[in-house]
Every structure is written in structure tokens, then in C-alpha cells.
Amino acid sequence: MSDLNIKTDVVIIGAGPAGVCAALSLLTYSSLHVVVLEQSDFSQVRVGEHVSDSLFALLDYLKLQKSDFPAHCFLPCYGDTTYWGSDLPRVRHAIFSSENASVQLDRESFDFTLIEQLTARGGTLIPRTHCTVSQQDSEWLLQCTHPTQAPFEIRARYLIDASGRNSSLCRQLGGQSHKLDQLMGAGCFFSCKEQTEGAQEQLIESTEYGWWYGARLPNQQYVATFFSDSDIISKLRLNQRQHWQHLLQQSQHLKRLVKDYTTLSVHPWLRNAASQYSDASTLRNYLAIGDAACAFDPISSMGLGFALTSACHAARLVISELEQQQNLMQATAVTQARQLYQQDLHTHFASYQQLRRHFYQTEQRWLHAPFWQRRQAG
Amino acid sequence: MALRIHPSVGVARLGNSPEQFYLAPEKTGQLPFEADPFGNQGEPVHQFKDYAGRVRRQGQAFKLLSEDGTELTLDNPNVQSIQWTVHLANKKAAWYQYSELQGNLLYGPQNSYQQQKVPFRNPDQTTEQDRQKLIIDPGPRSLSGRRQSIGFDKDNAPQGYPVSYPPSTVTYGTAITTLGDLLTDDLGRLIVLGGYGNAGGDEPLTSYGGSNTWHDDISDGPVYCTVTYQDGSSEQLSAWVVVGSPDFAPEIVNISTLSDTMFDVGVRFYNLVPEIYSNGQFNPDFWANYQRDIEPLVERLSRYQWVANVQAMSAFNSRQFDYADNSDANKANRQQYFSYFRGLNKEGDPSADQPQQVLFKDNFPMLPLNSGSNSVSNELIMKFLALNETQQFLLSQWAEGRFDSHHEAAPYPVNPLDQGSVGNCVGLPMCPGIEVTWSMQNPAVYAAPYRIADEKGPNGYNSTGLTPSRDECEGGGCQPGDLTKRMACPWQADFFQCTVQPVNFTVPEVNKANGAPLPPTYYAYWWPPQSPWDVLTGETTVEGQAASHLPAGQQMNYARGINSFVQMVEHWSALAFIRDNNSQAAGYPYFTETERNNEIFSYKEVGVGAITGNPDDNETTIPVFYIEADTQQVKAKSDRAVQMVKALEQRAFKAIEVASGGLGTPRSGTRMRR
Ligand SMILES: Cc1cc2nc3c(=O)[nH]c(=O)nc-3n(C[C@H](O)[C@H](O)[C@H](O)COP(=O)(O)OP(=O)(O)OC[C@H]3O[C@@H](n4cnc5c(N)ncnc54)[C@H](O)[C@@H]3O)c2cc1C
């Protein structure tokens, strides 16, 4: 029972880059009413900051200029070193990217500016909201709870799932998801106040158990993350600070880089980073975008770019579906468009799989270690 | 059948969580209850703090019960409406400085504040008019129906009421803008929520009694209910509510609770249980009951060890003989046990040479091992604690063998809810205490046992506002704010400073010489069940211990890391709740700290050499906890995120309100939180 209700055309679950950009796209190219639900209070630090500069073309489509973002939001990449396949330093894009130019994002500025644009364009975003989703008549019914508000309901004609890598919503609704691996990141934040100019900004270093990724963040912080499979992470007990530190001390390069930094994280955080592909093409009035549709190994730096492209494509599809729903003649066209969307995702994911195999095959030093062995076959 | 509001004196508690609350326990020593946003009661409380580590407020639910225990709610077909009115106020800043027992009229009219020349708080305000402005008086608030709410902020003040709020800017702490909120649940019961634990002032805090210019958001006041029946008749009822500081160890009970105080007053002055006391005398033939009258006391003595090091007390729960055995053969045992309880001072007798000035019997420090109600100043000394008269009488009957032992003893004629609420407050010592103080020992403030006398009734102050200097202990009933006005201002000052007290035990006439306790002294406690002192650490995970810097099971000082009054004002909500981790196995409690906000405290192990200058001394270290001046370390959450969430929610939920209005769903009153 609820006193409060919202009716909307499109409800988007998850206010990550994918969800917010889908909303922006809908608000910019249609007059549909959009509500975005976010479970968190945005206090969790956002990770993933390395993107190809094709990002700007996507922002342009969303009618956003570089100047709409704070000046420090985009930093050029420099001091970007990789120890992968050998103990010799290489620049990162020589191994992991076909593109030349890439940028380093200040994720907080980037994400928060997108959110401000969303409100400026008339969208609604409700943080700290959890919902249960069901279908009623031909509508989506979301029963929502919020820490300060009475329970309320949202009814929507269309649901966009931008809830990130867990893809629990998709599976709950009867879609399927396929996981390629069990990759996870275990990371800690450091404060690097005494940082000297021109120091190392970013570093990738492979080890027998997986690989390290270190990156300088805004606000004189540094993040170091160890990526490996979840069974290995739990065997090494990397959720515990002393084991994580111990492993860090076994690295060749990263340990030297962070040796003067103070750890800010009381205990390491863990994030899912598995590669996976979800298929929900059987669900009506539902689309998954961003990590909820396809999630990529962070080594590929594809996540953010894909979050934005899939958001824009999905928005276009939603607009055509909702605007044509009155016109039954167009039903087949709609179905075709949906299939095309899913097919696109599929193709994209297939080519990613090749790329991923290629990345991991470049590292030949620990072929018998489970982490690398699992990745040779692809 | 007569209908009454229960509890007769409810107890809400402060919390700094802007949105979350739980509901007051219904029994003494019980855990509070979870509640939904409307105040509908749920399971025993899961967590005392919210997701951001802020203490949740404790709401007090008020119910309408007839004598046989049946509840009247809006679901009753005969009921047309139930309207609640509550008038909270905080009179602390307008009252006298806390001066221990001076001003307590139980010592006779010559001990009045004026005669003792006790100075006012904020003495620069001299006229009655200016002093009235020192009161925080938001006026009364009313509501009726289901799921309604209204706040004690300025915006909701009744039209024309001469409201009074403190300055909106302060040098230290946080300005007070509200004293709390009222809600009604799904059945139209009242929930009273108090303030947020804010306190603010312009002068540095210096003493446990507080300082001039300070205000806090503690309060108390009458609760009225008008029930209107379908036939048009109506009924008017009343009760009282007190807002206290959080009960950080709710399952540990004071040796003398406020319920014991009210019971004692009821027995001795209101003929509550004539078989115990009548015509000015206790009845030596009264037959006590072990389970009802004695066992709770033994139980309280046994739990004290989890919040204070009182080894001497453990003998009194060691069952060295069968406490329930009333046989003559056991009499010597019982009498020896009883002989270690300190006798009482003669009430109102100011002379020095009295039982409560005595610490030892033979070589044993007598019980209760707390400070008395004045171990601080040299006027009206009461160094050590004794049970109250009725408690002492019942224990003496037990010692004599005039008791039985069975579970079916007739309960006393007090509603269990009335006992349960105040049973979780401090009853003794009163210096001033935690929730309320010695005025509650005075029969003049009651209308009946457990019922506070109300001066004027609903809307009695609508044209005048409240009186700053009237002493309700002279009779005539209480005004809003009278029960809490003697307490420290702000409450954090007393809470921080008063858990232990070194008390001189050799010279009955003197507590202090040259501003310090006269040696030799004994280390006595004030109110550890409310303000714990020695506690066991409770972090059992690697991460938890990394953050707390301590193994589990180590006895530590409870407030470690809070090193000043001002830090207490700002960071009181970082303190742990002491909770029984093994409550499913009665008889084997295991109390430790839980939910301490370890993140805000930094830690250093300091070598003794750092103080002595001798490097050899560094092989011994002292743990030091403190709050980092540089808040950078603590602030993982960005300000921007916080601001953004606030703005988004304001916008989103305003839209919802408008939308729901459009749908025709009724929604009156104001939003619960601001
Ligand atoms: C350690 C790590 C490093 C990475 N590095 C890079 C990199 O360098 N470059 C790159 O391009 N990509 C990187 N990525 C990937 C990138 O972060 C993601 O691809 C990108 O954030 C996906 O955006 P999204 O909006 O789909 O999902 P997310 O950013 O995960 O956002 C999902 C949002 O939905 C919310 N949500 C989830 N469930 C619910 C629910 N039921 N109800 C309401 N809200 C919900 C979440 O709280 C979250 O805010 C990295 C990922 C990881 C884990």
C-alpha cells in the first residue's frame, strides 16, 4: 500500500554513466518522461578512468561539449607504463589499444556533471532508492523504498536496465547472462600528498597470480588494484589488508611507486570485473545497457565507451518503440530493430573476446599458473 | 472503564540520524524496537546507528489503555477521532546553575535557590522578560489521524503563540532549530521523537554543569489526548514525555532506576501499596517476594561489571548461598549480605555525620559502590549512594526472612508500561543525573503515583508563554521543560565528565579542599549503565580490528579518543553501544562494544620514553586514541556527493508530493524530516 505514485514513460535503473547517458539521450531527442533510480548515495568512489578519446564524439551526440565539464575533468595520459609480457617497460597503448589517443577521467567530475545535465534537461534522478520490479498489465511496476520517504510506486512503459555488472535484474526477469571468467579487482586507495612532479601516473604490471593496475586520481589520491579470479583472490585472502599488502610487496614496480603513500582504505575493497554478456531480447519493453548488457575486462578500457554507445543506441530504440506503439503496423519494424540491437551487442562482444584473448596471450611468462592458463584458450 | 495514556511518563532519546529512529523499549532492560517510517513497531532493534554511523533517535510510543489492558485505537468502531497535543520545551538556559543539592526543597524552604543565593545560568539577562527568551519554547503541536507528522520547528508553530528559539548562529556546536517531531502510526498512536543531539553556544565549555550561552535540544513536556466517540462525547487524558540522551547500554540497568524513585514516592506519599507503607511507616510485617522485589536488584548488580570495574560487587551475585531460601537456617547469610548495603541518610537532614558518608564496613567498600548525590561540593554532602527507602526496606524484609519465593506474586498496582519506560532511566544518584534529577524524589511534582502534575493543561500558555523562574517543587504542577531544566547544559558536558568520581571517605564534612577532592579518595562511579566507563572491545573481524587497533575482549575506556568537551559535543555519536552478544542464552550474557565509529579515531602507540626522555622507557607503550584535526583522513565521502544527493532528493520528492496531491491521496501535516 502506498500513498505516493509516479507515472513515467521510461524508468532507468542505475545512475552510472550508462543510465545517465541513456536518460540524457532520451531527454534530448524525445519528449518522453524519464526517471532514473539509483540505489546508492554516490559515496562510493568510482573507478575506471582510462578512455579512448572517441568519447568526445559520443558526448557531442549528447549535445555536451568539453567546456560543459570542469577543466580538470579530462587529463591527457602520460607516464603510462606497462610491464606485461616482459619486465621491460612499454607504453600502455602499444599493447592494449588500437587507438592512439586516450584520456584520463576524473570520474567524480565526469559522472556528476552528467547528472547535473540530466536534471537541467528535466529528468528526475532519485538516489538511495531500492526497488522490486514486476510487470502489471503492459506496464512495469516498481515498488520502491527510500530511507527517509514512505514506500512509493513507479509505473513505467519502458524499463532500461543500467544496473552494472551484477546483471541480477536481467536474470530475475528471465534473461540470460554468460560469464567468461570470474575476474575481480581488490584495491586500496592511497593518499600521495608528498607526490613529486612528473612522477609515474599509471602502471600495469602482470604477476603470476594476476595483474596490478595503479593509477593516479584527482585530489592527490592513488588507487592500486589487483585483478585476478575470485577463487584466487579468496585463496590469497586479499580482502584482508595484511595479505593484500604482502602481495603488493611481492610486486616489482608498483611497490616502489606507492612506498611513500599512506593507505586510506581500512581494508581493501572488492569489485566484480568479470567479462560477461547478457541477452534479454525475449523481454518486451526492456533493454539492458552498459555493464548490465556487456561487461569487459578493465584491461581493455572499453567499459565506459561501451556504456555511452549502448546508452545512445538503446535510447534511439526506445524512442522509436514508444512513439510507434500506437501504430501496430510498425510492430515488425520494432522487433527487427530490437534484434538488430541485440545482434550488434553480440558482434561487439565477439570481437572483444578476440581482443581479450590477444591481450592475455601476449603474456607468456606464467603459462602454468591457473590465472594465465585459463586465459590462453579464450 | 477508565482510559489512560501509557506510559504515564514516556522516554524519547536524542539521535543525530536525520531520518532514522527506533522505538523505546517497553520493559526495563529491554532492547528498543525497530520501526517503519510511520512508527509502526517491529522486531528488537537491529542497529542503533544508521548507515552513516549516526545514532538513530528513540521514539516513544503512547497508547490508550483501559484498566484491563485493552487498547483503544482508531480501529475501534466507537472512535471518531483521537487527537494528540504535546508541548515540549527546554528551560535549561533560563534556570539556575547546577549547584548539587542546593535548591532542593526536600531539605526545607531555607534551601531554596534564592535563600542559597544560587546564581542563574546566563546571569547577564536580568529581567523576567529577557530570561523568558532563554527558554526554548516552540509552543504546543497537535495532530490526529493515521500516519501524520508535525515538527517542533518554527514553521509549524501555532498561530499567535509567543514562540522562543535560541540564536540561529553559534560559535561552537550547532544551533537549535527544533526540539523534535510528532508522528502517528497506522492505528493513530502517538510517537514522540526528540531532538538530534545538537548543542551550541558562544563560550567555551568548562564544567560538567555546562556553560552560559549554551542550549541543547533536550526537552520535556505534557502529552494530551482527546478521544472523541461516535456519539459525540469525548474524553481528555494526559501524560508526560521526557527526552533523554541515548541509552548506550540499554540492557544494563541502574541499581536504582527512575521507576524505583517513582515507586518509592508513590509508596511513601501516595499510599500506592498500603501493605508496604501507611501512616508514615513501613510495615514490618510486609511479606516481600524474592522474584518481584529482590532478584531484579541482584541481576542489576551482576550486569554492572560490563560497564564498570566494580569487582567488589560481584560477590553479591555469586550465589554463595541460596538467595531465594527464606529459612531461618539461612538468615545469618542474608543478614550478612544485607549488612554490606549502606544505610540511608535521614531525609532532609543536612548534618554531616550520616551513613552515606561512610565507605567501608570492616574492610569492604559498601554497596552500591556509586557516588552519592553530592560528593562534589561542601554544601549538603551526600558522599556515597544508598538504595532508596523502599528498596532498602524490601531488602531488609528479605534479610529478616519475611519474604516468599514464587513466580506468582501479585504485581504492584502500576501499569507495566509506566514502569518500563522510566525503568530505563537513572533513579540514583542525582547529581544531576542523566535524564532527570532529584525533583523526581519530591512528591510535590506528582499528581498521583507515576503521574506528573500538570500546571495548566492544554493551550495553557498560548498567550503568556512559559515562566522562567518558577520552582514547581513548591507545588502547583509542572510546566513544559520543568523536568529537564536542572540538567547540564549541554547534556554532553555532564555525560563526558561524570562517569567516575574520586570521593573523600575520611572527613564527613568535606568533599573538596582547594578545588580538588580532599585526599584520600575512593574511585566511585556515577551512572555507568547510561554512560559506560570500562568496556570490552568487540571487533571480531580482521578489518574491524584493523580499524579499532585492538583485539576483541580487551577492557578499555569507553570514551577513548574523545578528549574534550567540544569533541564530545561534536562526536558523541561515535561512541559504541554496549550490547549483549549472547542474548539468546539467558544467564550467559556477553557484553561488548558494538557500532563504535572507529574510523574517526586515530591511534598511536606512544613509548613512555616520549614523556620521560629516557629511550629505555620506550619498551613500555601507552595506547593513545584521538580525533585527527585533519578531517581529510575521515572524509572518504565527497561533499559534492552529499550536496548532490540532497538536491536530487528534494527535487524528486517534491515532484512526488505534487503528483500525489494530483491523485487525490490525502497527505496532511508536514514531512517527517527536514
Ligand atoms: C576496477 C575497475 C576498473 C575499470 N577501469 C576501466 C577503465 O580504465 N576504462 C573503462 O572504460 N572502463 C573501466 N572499467 C569499467 C567501467 O567502470 C564500467 O564499464 C562502467 O562504469 C559501466 O557503467 P554502467 O553505467 O554500465 O555501470 P556502473 O558504473 O556499474 O553503474 C551502475 C549503477 O547502477 C546502480 N545500481 C545497481 N543495481 C541497482 C538497482 N537494483 N537499483 C538501483 N540502482 C542500481 C549502481 O549503484 C551504479 O551506480 C573498470 C571497471 C572496474 C571494476
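This text follows the structure it describes.
Every chain is numbered on its own, with residues counted from 1 as its sequence reads. In the order they appear in the text, chains get letters beginning with A and ligands get numbers beginning with 1. Given that this is a predicted model, residues contribute local features only at a pLDDT of at least 70 and side-chain atom pairs are listed and counted only at 80 or more, while totals for whole chains, interfaces and linings are drawn from all residues. Side-chain metrics rest on all non-hydrogen atoms present in the structure, leaving aside hydrogens and water.

### Details of the overall build of chain A
(1) Moving on: Each helix and strand counted, chain A has eleven helices and 21 strands in total.
(2) Moving on: At a minimum sequence separation of 6, the contacts of chain A that also span at least 24 residues come to 73%. Under the DSSP-based scheme used, a helix requires at least four consecutive residues in state H or I and a strand at least two consecutive residues in state E, with every element numbered from the N terminus. In what follows, a contact means two residues having at least one pair of non-hydrogen atoms within 4.5 Å.

### Things to note about the overall build of chain B
(1) Moving on: Summing up its helical and strand segments, chain B has twelve helices and 37 strands in all.
(2) Moving on: A simple rule labels every residue: compare its accessible area, found with a 1.4 Å probe on the protein chains alone, to the largest value its type can have, and call it buried under 20%, exposed over 50%, or partly exposed in between. Taken over 674 residues, chain B has a buried fraction of 57%.
(3) Moving on: With the model as given, the accessible surface of chain B reaches about 26,500 Å², and the carbon-plus-sulfur share is 50%. For the accessible areas, the method is Shrake-Rupley and the probe is 1.4 Å, while residue cover comes only from the protein chains on display.

### Let's talk about the sheet that holds strand S21 (residues 294-295) of chain A
All names here are of chain A.
(1) Moving on: Two strands are said to pair when DSSP picks up at least two bridges between them. The three strands are arranged S12-S19-S21 in an open sheet whose pairing can be described as antiparallel. Both edges of this open sheet fall to strand S12 (176-179) and S21, since each of them pairs with a single strand only.
(2) Moving on: Relative to strand S19 (residues 276-279), S12 runs antiparallel, the two being bridged by four bridges. Residue Gln176 lies in a different strand from S19, and its bridge partner there is Asp279.

### Observations regarding the site of the ligand
Residue and element names in this part refer to chain A.
(1) Moving on: Near is defined per residue: the residue qualifies when any heavy atom it owns lies within 4 Å of the molecule or strand. Around the ligand, a shell composed of 30 residues is seen, among which Ala18, Glu38, His50, Asp291 and Leu304 lie nearest.
(2) Moving on: Nitrogen and oxygen atoms within 3.5 Å of one another constitute a polar contact, given that in protein one can donate a hydrogen and the other can accept it, and given that sequence-neighbouring residues count only through two side-chain atoms. For the ligand, an oxygen atom lies 3.2 Å from a polar atom in the backbone of Pro17.
(3) Moving on: Leu304 places a polar main-chain atom, nitrogen or oxygen, 2.8 Å from an oxygen atom of the ligand.
(4) Moving on: Compared with its free state, where it exposes 990 Å², the ligand has 86% of that area covered by protein.
(5) Moving on: If you list the elements that add at least two residues to the shell around the ligand, you get helix H1 (17-29), strand S3 (50-52) and helix H9 (303-324).
(6) Moving on: Along the lines of polarity and charge, the residues of the shell around the ligand split into 13 nonpolar, eleven polar and six charged. Residue type decides the class: Asp, Glu, Lys and Arg count as charged, Ala, Val, Leu, Ile, Met, Phe, Trp, Tyr, Cys and Pro as nonpolar, and the leftover types, Gly among them, as polar.

### Some remarks on the sheet that holds strand S14 (residues 199-201) of chain B
Residue and element names in this part refer to chain B.
(1) Moving on: Within the open sheet, the three strands sit side by side as S11-S14-S15. Their pairing is antiparallel. Looking at the sheet topology across the chains shown, the edges are occupied by strand S11 (172-173) and strand S15 (215-216).
(2) Moving on: Relative to S15, S14 is paired through two bridges, and the arrangement is antiparallel. Residue pairing across strands places Gly200 opposite His215, the latter belonging to S15.

### Some details on the packing of helix H5 (residues 331-339) of chain B against helix H6 (residues 389-400) of chain B
Residues and elements named next belong to chain B.
(1) Moving on: Here H5 crosses H6 at 155°, and the two axes come no closer than 7 Å. Taken as axis vectors, H5 and H6 run roughly antiparallel relative to one another. Residues Lys331, Arg334, Gln335, Tyr337 and Phe338 of H5 touch H6, and the partners they reach there are Gln392, Leu395, Ser396, Trp398, Ala399 and Glu400.
(2) Moving on: Grouping the constituent residues of the contact of H5 with H6 by class yields five nonpolar, three polar and three charged. Lines fitted to C-alpha atoms define the axes, with helix axes restricted to the stretch in contact, and inter-axis angles between N-to-C directions lie between 0 and 180 degrees. Orientation labels follow simple angle bins: below 35 degrees gives roughly parallel, above 145 gives roughly antiparallel, 65 to 115 gives roughly perpendicular, and whatever is left gives oblique.

### Looking at a nonpolar patch on the surface
Residues and elements named next belong to chain B.
(1) Moving on: In this scheme, patches are assembled from residues that exceed 30% relative accessible area and form no salt bridge. Like charges are connected within 9 Å, while nonpolar side chains (Val, Leu, Ile, Met, Phe, Trp, Tyr) are connected within 5 Å. Whenever a carboxyl oxygen of Asp or Glu lies within 4 Å of a side-chain nitrogen of Lys or Arg, that contact is scored as a salt bridge. The grouping of Ile611, Ile622 and Val624 at the surface amounts to a nonpolar patch, some 250 Å² of accessible area in total.
(2) Moving on: Looking at where Ile622 falls in the secondary structure, it is placed in strand S37 (residues 621-627).
(3) Moving on: According to the relative accessible area criterion, Ile622 is partly exposed, its value standing at 36%.

### A closer look at the pattern of salt bridges
Side-chain pairs of opposite charge can arise where the charged atoms are in close proximity.
All names here are of chain B.
(1) Moving on: As enumerated under the stated definition, the model contains 41 salt bridges over all chains in all.
(2) Moving on: For Arg470, the salt bridge identified is with Glu455, shortest N-O distance 3.3 Å. Pair noted here: Arg470 is in the loop between strand S27 (451-452) and helix H8 (491-497) and Glu455 is in the loop between S27 and H8, with a separation of 15 residues, a long-range link.
(3) Moving on: A single network of salt bridges, built from pairs that share partners, joins Lys91, Glu455, Arg470, Asp471, Glu472, Asp482, Lys485 and Arg486.

### Section: the packing of aromatic side chains
(1) Moving on: Any two of the Phe, Tyr and Trp rings considered here, Trp counted by its six-membered ring, make a pair once their centres fall within 6.5 Å; the pair's planes then place it as stacked at under 30 degrees, edge-to-face at over 60, or tilted in between. One pass over the structure, following the stated rule, counts 57 aromatic pairs over all chains.
(2) Moving on: When the ring of Phe296 of chain A is compared with that of Phe306 of chain A, the centres are 5.1 Å apart and the planes differ by 85°; the resulting orientation is edge-to-face. Pair noted here: Phe296 of chain A is in the loop between S21 and H9 and Phe306 of chain A is in helix H9, with a separation of ten residues, a long-range link.
(3) Moving on: The class of Phe296 of chain A is buried, set by a relative accessible area of 2%.
(4) Moving on: By relative accessible area, Phe306 of chain A is classed as buried at 5%.
(5) Moving on: Ring geometry for Phe349 of chain A against Tyr352 of chain A: centres 5.4 Å apart, planes inclined by 45°, an arrangement best described as tilted. On the criterion of helical spacing, the pair formed by Phe349 of chain A and Tyr352 of chain A is a turn pair, its members being three residues apart in helix H10 (residues 331-361).
(6) Moving on: The class for Phe349 of chain A is buried, based on a relative accessible area of 4%.
(7) Moving on: Under the relative-accessibility criterion, Tyr352 of chain A is labelled buried at 1%.
(8) Moving on: Here the aromatic cluster, defined as three or more aromatic residues joined through ring pairs, consists of Phe316, Phe321, Tyr323, Tyr337, Tyr340, Phe341, Phe364, Trp398 and Phe403 of chain B.

### Some thoughts on empty space enclosed by the protein
(1) Moving on: Site definitions follow a grid-based scheme: protein atoms alone, a 1 Å grid, a 1.4 Å probe that fits but cannot get out for cavities, and for pockets an open set with protein on both sides within 12 Å along at least five of seven lines, plus lining residues having an atom within 4 Å of a point. Grid points are joined across faces, edges and corners, and a volume is the space filled by probe spheres set on the points. Per the counting criterion, the structure on display carries ten cavities of 30 Å³ or more.
(2) Moving on: The computed volume of the largest cavity comes to approximately 110 Å³.
(3) Moving on: As for the largest cavity, its lining consists of 14 residues, of which Pro7, Glu26, Gln60, Ala61 and Leu417 of chain B are closest to the centre.
(4) Moving on: Secondary structure elements with two or more residues in the lining of the largest cavity: strand S6 (57-66) and helix H7 (416-422) of chain B.
(5) Moving on: By residue number, the principal contributor to the lining of the largest cavity is S6 of chain B, which donates four residues.
(6) Moving on: Taken together, the residues of the lining of the largest cavity break down into six nonpolar, six polar and two charged.
(7) Moving on: Of the voids in this model, the second largest cavity is the one considered here, and its volume is about 80 Å³.
(8) Moving on: Considering the residues around the second largest cavity, the lining is formed by Ser278, Ala280, Ser281, Tyr286, Leu287, Ala288, Ala293, Arg338, Tyr341, Gln342 and Leu345 of chain A.
(9) Moving on: For the lining of the second largest cavity, the elements supplying multiple residues, two or more each, are strand S20 (286-288) and H10 of chain A.
(10) Moving on: Per-element accounting of the lining of the second largest cavity gives the leading share, four residues, to H10 of chain A.
(11) Moving on: Grouping the amino acids of the lining of the second largest cavity by side-chain chemistry returns seven nonpolar, three polar and one charged.

### Observations concerning helix H2 (residues 258-269) of chain B
Residues and elements named next belong to chain B.
(1) Moving on: An ideal rise of 1.5 Å per residue puts 16 Å on twelve residues; H2 measures up with 16 Å between its terminal C-alpha atoms.
(2) Moving on: In terms of residue burial, H2 counts as a mostly covered element, since eleven of its twelve residues are buried.
(3) Moving on: Here H2 has its buried residues at Leu258, Ser259, Asp260, Thr261, Met262, Phe263, Asp264, Val265, Gly266, Val267 and Arg268.
(4) Moving on: Where H2 terminates, the next one or two residues include Asn271, which has phi positive at roughly 55°. To estimate how far a helix should extend, the number of its residues minus one is multiplied by 1.5 Å.

### Quick look at the pairing of strand S28 (residues 500-504) of chain B
Residue and element names in this part refer to chain B.
(1) Moving on: Of all five residues in S28, four are buried; the element is thus mostly enclosed.
(2) Moving on: Where S28 lies against strand S31 (residues 521-525), five bridges are found, and the strand directions are antiparallel. Bridge pairing in S31 links Val500 to Tyr525.

### Quick look at unusual backbone geometry
(1) Moving on: With an omega of 0°, the peptide bond running from His6 of chain B to Pro7 of chain B counts as cis.
(2) Moving on: Following the sequence through the fold, Pro7 of chain B ends up in the loop between strand S1 (3-6) and strand S2 (9-13).
(3) Moving on: Residue Pro520 of chain B is reached from Pro519 of chain B by a cis peptide bond, and omega for that bond is -5°.
(4) Moving on: Residue placement: Pro520 of chain B occurs in the loop between strand S30 (516-517) and S31.
(5) Moving on: For Arg237 of chain A, which is not a glycine, the phi torsion comes out positive at approximately 50°.
(6) Moving on: The topology assignment puts Arg237 of chain A in the loop between helix H6 (230-235) and helix H7 (241-249).
(7) Moving on: On the basis of relative accessibility, which here comes to 44%, the residue Arg237 of chain A falls in the partly exposed class.

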